[in-house]
Amino acid sequence: MTHWNYSEMKECFGFTLNQYLFYGAYPGAASLIDDEERFQQYIQSSIIDATINKDILMDTPIGKPALLRQTFELGAAYSGQILSLNKMLGSLQDAGNTATLSGYLNLLNECGLLCGLQKFSVDMARRKASIPKLQVYNNALKTIFTPLTFEQAILDRKEWGHIVESGIGAYIVSQAFAQRFEVLYWRERNDEVDFILRKKGSVVAIEVKSNAEKSTSGLNKFKEMFHPKTAFIVGDGGISVEEFLSMDLKKLF
């Protein structure tokens, strides 16, 4: 079972697109969105604390439980962005080494909270050694760490752009879990593609354009180099975010 998607939240709770992107898709929290403090408390205690304490700490020996929680909180706040493990170490207390952080990211991924997407490469060794792109499975896990309210976030173009990209990524990684395809990103110097989907040798490239300033030259470069089955933009100049979030992604392959 995956996280709920936009269509389900819209049908069951009347969520608008922006509400889905900001408040995520936990049905138990849907009735609390008019009280953001209660909403945040619910996500923190009923989702994050319960998952980390019961699904991870009770089943897995963890040397530094506080570091595991810090890793999650930092990763969730930076969801949709590329952040090296060494930079994460510099932001965490008592951080140990990158192998510890990598192991904690794997645990958080297994319980459906946070994953680190690898860089697309034909060379598996380079892929495994790549800087991760952090991605939550449900956007509520990201936005409870933003200092902005729903109304303030919409008006902040840069912050809203991050929220949109993370929300689209959350839908992709949740679908990947059920449909059994890989999700990666691609970056070469200044060129970047937000999401690369791969299944049995078939590759799909997706660039999220959340504002007019963002360049999509990376998508053209990727098409020239790797000839994906399909490549498209979600957002300005491409298909709408709402349309993409209603798509059955397995049909892309």
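Structural data are supplied above this passage.
The rules we used
Residues numbered from 1 in each chain as written. Predicted model: local features only at pLDDT ≥ 70, side-chain atom pairs only at ≥ 80, totals over all residues. Heavy atoms only, no water. Buried < 20%, exposed > 50% of the residue type's maximum accessible area, 1.4 Å probe, protein only. Helix = DSSP H or I, 4+ residues; strand = E, 2+ residues; numbered from the N terminus. Arc of directions from axis to C-beta. Contact = heavy atoms within 4.5 Å. Pairing = 2+ DSSP bridges. Axes fitted to C-alpha atoms, helices over the stretch in contact; angles between N-to-C directions. Salt bridge = Lys/Arg side-chain N within 4 Å of Asp/Glu carboxyl O. Core = buried A, V, L, I, M, F, W, Y, C linked by side-chain atoms within 4.5 Å. Phe/Tyr/Trp six-rings, centres within 6.5 Å; stacked < 30°, edge-to-face > 60°. Lys NZ or Arg CZ within 6 Å of the ring centre and 35° of its normal. Parallel < 35°, antiparallel > 145°, perpendicular 65-115°, else oblique. Left-handed = near helix turned anticlockwise from the far one by under 90°. Nonpolar A, V, L, I, M, F, W, Y, C, P; charged D, E, K, R; others polar. Polar contact = N/O pair within 3.5 Å; in protein donor to acceptor, adjacent residues only side chain to side chain.

**Some details on helix H11 (residues 217–226)**
- Listing the buried residues of H11 in full gives Gly218, Leu219 and Phe222. The arc that holds the buried residues of H11, viewed along the axis, is 100°, so those residues lie on one side.
- Looking at the buried side of H11, the elements it contacts are strand E3 (182–188), strand E4 (191–199), strand E5 (202–209) and strand E6 (230–235).
- In the stretch just after H11, His227 is the one whose phi turns positive, near 50°.

**Topic: the sheet that holds strand E2 (residues 133–136)**
- A sheet is described by the order of its strands in space; here six strands give the open sequence E2-E1-E3-E4-E5-E6, paired in mixed fashion. Single-partner strands in this sheet number two, and they are E2 and E6. Across the sheet, the axes of successive neighbouring strands diverge by a mean angle of 35°, strand direction being ignored.
- With six bridges connecting them, E5 and E6 associate as parallel partners.

**Structural notes on the pattern of salt bridges**
- Applying the stated criterion across every chain yields a total of eight salt bridges.
- Between Lys119 and Glu188 there is a salt bridge; the shortest N-O distance is 4.0 Å. Here Glu188 lies in strand E3 and Lys119 lies in strand E1 (residues 114–119), a separation of 69 residues in the sequence.

**Some words on the nonpolar core**
- Of all hydrophobic cores here, the largest spans 71 residues; its most connected members are Ile43, Ile168, Ile172, Ile206, Phe244 and Leu245.
- Considering each element in turn, this core owes the most residues, eight residues, to helix H10 (residues 157–179).
- Leave out the neighbours within four places in its chain, and Ile168 touches Phe195, Val208, Val234, Val241, Phe244 and Leu245.
- Membership of the second largest hydrophobic core comes to ten residues, among which are Leu184, Trp186, Leu219 and Phe222.

**A look at the packing of aromatic side chains**
- Tallied over the full model, the rule gives 16 aromatic pairs.
- Considering the side-chain rings of Phe72 and Phe145, the 6.1 Å spacing of their centres and the 70° angle between planes classify their relative orientation as edge-to-face. With Phe72 in helix H4 (residues 65–77) and Phe145 in the loop between helix H8 (140–143) and helix H9 (150–155), the pair connects residues that are 73 residues apart, well separated along the chain.
- Among the aromatic residues, those joined into a cluster by ring pairs are Phe22, Tyr23, Phe39 and Phe150.
- It is Arg180 that lies over the ring of Phe177; its NZ or CZ is 5.3 Å from the centre.

**Digging into the packing of helix H3 (residues 36–57) against H4**
- Two elements in contact, H3 and H4, have axes separated by 12 Å at closest approach and are oriented at 135°. If you check the angle between H3 and H4, you find them oblique. Once H3 is placed against H4, the crossing between them reads as right-handed. Contact with H3, carried on its side by Gln44, Ile48, Asp49, Ile52, Asn53, Ile56 and Leu57, involves Pro65, Leu68, Arg69, Phe72 and Glu73 of H4 and no other residues of that element.
- Taken together, the residues that form the contact of H3 with H4 break down as seven nonpolar, two polar and three charged.

**Remarks on the pairing of E1**
- One ladder, built from four bridges, connects E1 with E2; its direction is antiparallel. Bridge assignment links Cys115 to a residue of E2, and that residue is Gln135.
- Relative to E3, E1 runs parallel, the two being bridged by two bridges. Note that in E3 the partner of Lys119 across the bridge is Tyr185.

**Brief notes about the side chain of Asn5**
- Looking at the element boundaries, Asn5 is found in the segment before helix H1 (6–13).
- Here the side chain of Asn5 touches Ser7 through a polar contact of 3.2 Å, landing on its backbone nitrogen.
- When near neighbours in sequence (up to four residues on either side) are disregarded, Asn5 contacts Tyr20 and Tyr171.

**Quick look at unusual backbone geometry**
- The backbone of Lys200 shows a phi angle near 50°, a positive value even though the residue is not glycine.
- As for its placement among the helices and strands, Lys200 is situated in the loop between E4 and E5.
- Positive phi, close to 50°, is recorded for His227, a residue that is not glycine.
- For His227, the position within the fold is in the loop between H11 and E6.
- Judged by relative accessible area, His227 falls into the exposed class, the value being 64%.

Nothing here speaks to function; it is all geometry.
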